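Residue-level listing of the chains:
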Amino acid sequence: MSSWLNKIPGVRPAYRRACNVHYRYVRWLANRDKSETNIDKSHYGSGMLIVTIAFNEERFIRKQIQNIKRYVKDSDYLHVIVDNSSNHKKRELIKDICEEETVAYVAVPAYLHKLIFTGVFGTSSSHGAALNWMIKHVIEPLRPKRFTLLDHDMFPFRDVNLTEALGQDDFYGTLRMRDAGWYLWPGYSIYLTEPFLKSSPDFMPMHIDKVYLDTGGTNYIRFFSKYDLTKSRFTTDKLYRVQNTPGLSDYNSIFHVDCICRIDKVWVHIINGSNYTKTKEKDLMIDNFLPTIP
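The rules behind the values
- Residues numbered from 1 in each chain as written.
- Predicted model: local features only at pLDDT ≥ 70, side-chain atom pairs only at ≥ 80, totals over all residues.
- Heavy atoms only, no water.
- Pairing = 2+ DSSP bridges.
- Helix = DSSP H or I, 4+ residues; strand = E, 2+ residues; numbered from the N terminus.
- Axes fitted to C-alpha atoms, helices over the stretch in contact; angles between N-to-C directions.
- Core = buried A, V, L, I, M, F, W, Y, C linked by side-chain atoms within 4.5 Å.
- Buried < 20%, exposed > 50% of the residue type's maximum accessible area, 1.4 Å probe, protein only.
- Contact = heavy atoms within 4.5 Å.
- 1 Å grid on protein atoms, 1.4 Å probe; cavity = no way out; pocket = protein on both sides within 12 Å on 5 of 7 lines; lining within 4 Å.
- Points joined across faces, edges and corners; volume = space filled by probe spheres on them.
- Nonpolar A, V, L, I, M, F, W, Y, C, P; charged D, E, K, R; others polar.
- Salt bridge = Lys/Arg side-chain N within 4 Å of Asp/Glu carboxyl O.
- Parallel < 35°, antiparallel > 145°, perpendicular 65-115°, else oblique.
- Left-handed = near helix turned anticlockwise from the far one by under 90°.

Draft legend 1. Broad picture of the sheet that holds strand E5 (residues 154–156). Strand order in the open sheet made by the four strands is E5-E12-E11-E10, with antiparallel pairing throughout. At either end of the open sheet lies a strand with only one pairing partner, and these are E5 and strand E10 (237–241). Direction aside, neighbouring strands of the sheet carry axes that sit 25° apart on average. Where strand E11 (residues 259–263) and strand E12 (residues 267–270) come together, four bridges link them in antiparallel fashion.

See below:
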């Protein structure tokens, strides 16, 4: 928002109200959609369902599928790619990869993403709407006992058992802590299905007072606020700067362009894998780093 707008009384509260109205509208559309999904679950019981939200990066999807096949050790799991890509050609490529790798593919209706006004409401709204649609059309019909949510730029590089990672808890994953509340990052989070669905989950971002809670933030009110933060378990994360782009001085730019994150010494996350900042240096980092993941 332009700096002169910040000086006008009421603009920021009005903007927050507009965002929350927009989020509610997109949430309503995601819940209203009657699209059907046909997922072959002939070799799957009701154990662990792994859901990846894809977005325009077919390289990530192929690598992630292959690494999940190699490293995920749950005895009964099903991997589903839920495609929220904004580019039609990318959707075709991702669908073809899923067919080659015999992994279930489901496409989010394209109109959900088209309702997102990038630069005003941000891509978090698109991601949240896709997750809400996925809950209605994948989780609720399949009713797995547990499910895991992954971003497309998350890759296991060591053996992992997701059922064991969740253990006896209702949830486990990467913590997002804000002044107004806390929630799990949808890029890596595991849930016991029934308690989570009973809360009527909502992955849309929201504003509480002056604090912005991004994708999954509404679940603080719906779900996480009922739990004791101090008694909950979360991942252990470590940030690495894998390249040094000249001219980057502020933390946010370095974080999005040069960094990756290792999670529980098992997963690697290519931060800003979608490169929504559209920097050549980020593309270079991805080209150089992706082939090094085992």
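Draft legend 2. Region of interest: the nonpolar core. Leu49, Met134 and Tyr191 are the most contacted members of the largest nonpolar core, which has 35 residues in total. Counting residues per element, the ones that place at least two in this core are strand E1 (48–54), strand E2 (77–83), strand E3 (104–107), helix H6 (123–142), strand E4 (146–151), strand E7 (181–192), helix H8 (193–198) and strand E8 (206–208). Ranked by residue count, the leading element in this core is H6, at eight residues. Beyond its immediate stretch of four places on either side in the chain, Leu49 contacts Tyr44, Leu78, Val80, Val138, Ile139, Leu142, Pro144, Arg146, Phe147 and Thr148. Within the second largest apolar cluster, 21 residues are counted, among which are Leu162, Tyr172, Ile190 and Ile254.

Draft legend 3. Seen up close, the layout of surface pockets. Approximately 300 Å³ is the volume attributed to the second largest pocket. Forming the boundary of the second largest pocket are 14 residues, of which Leu78, His79, Thr102, Val103 and Ala104 lie nearest the centre. Those elements that provide at least two residues to the lining of the second largest pocket are helix H3 (58–71) and E2. Grouping the amino acids of the lining of the second largest pocket by side-chain chemistry returns seven nonpolar, four polar and three charged.

Draft legend 4. Region of the structure containing the pairing of E3. The pairing of E2 with E3 spans four bridges and is parallel. Bridging across to E3, Val80 finds its partner in Ala104.

Draft legend 5. Molecular detail of the pattern of salt bridges. Tallied over the full model, the rule gives 12 salt bridges. Between Glu101 and Arg62 there is a salt bridge, and its shortest N-O distance comes to 3.7 Å. Placement of Glu101 in the loop between helix H4 (88–100) and E3 and of Arg62 in helix H3 is noted, with a sequence separation of 39 residues between them. Glu101 is the salt-bridge partner of Lys69, the closest N and O atoms lying 3.1 Å from each other. Of this pair, Lys69 sits in helix H3 while Glu101 sits in the loop between H4 and E3; the two residues are 32 residues apart in sequence, bridging distant segments of the chain. According to the relative accessible area criterion, Lys69 is partly exposed, its value standing at 41%. Salt bridges sharing partners connect three or more residues here, namely Arg62, Lys69, Glu100 and Glu101.

Draft legend 6. Spotlight on the packing of H3 against H4. Where H3 contacts H4, the two axes come as close as 9 Å, and the packing angle between them is 15°. Between H3 and H4, the angle falls in the class roughly parallel. Crossing angle aside, the handedness with which H3 passes H4 is right-handed. Listed contacts from H4 to Glu58, Ile61, Arg62 and Ile65 of H3 are Lys90, Leu93, Ile94, Ile97, Cys98 and Glu100. Partitioned by chemical class, the residues of the contact of H3 with H4 number six nonpolar, no polar and four charged.

Draft legend 7. Summary view of the environment of Leu213. Relative to the assigned elements, Leu213 resides in strand E9 (residues 211–213). Along the backbone, Leu213 and Ala180 are 33 residues apart, and their C-alpha atoms lie at a distance of 8.1 Å. Beyond its immediate sequence surroundings of up to four residues, Leu213 is in contact with Arg178, Ala180, Tyr183, Pro205, Met206, Ile208 and Tyr220.

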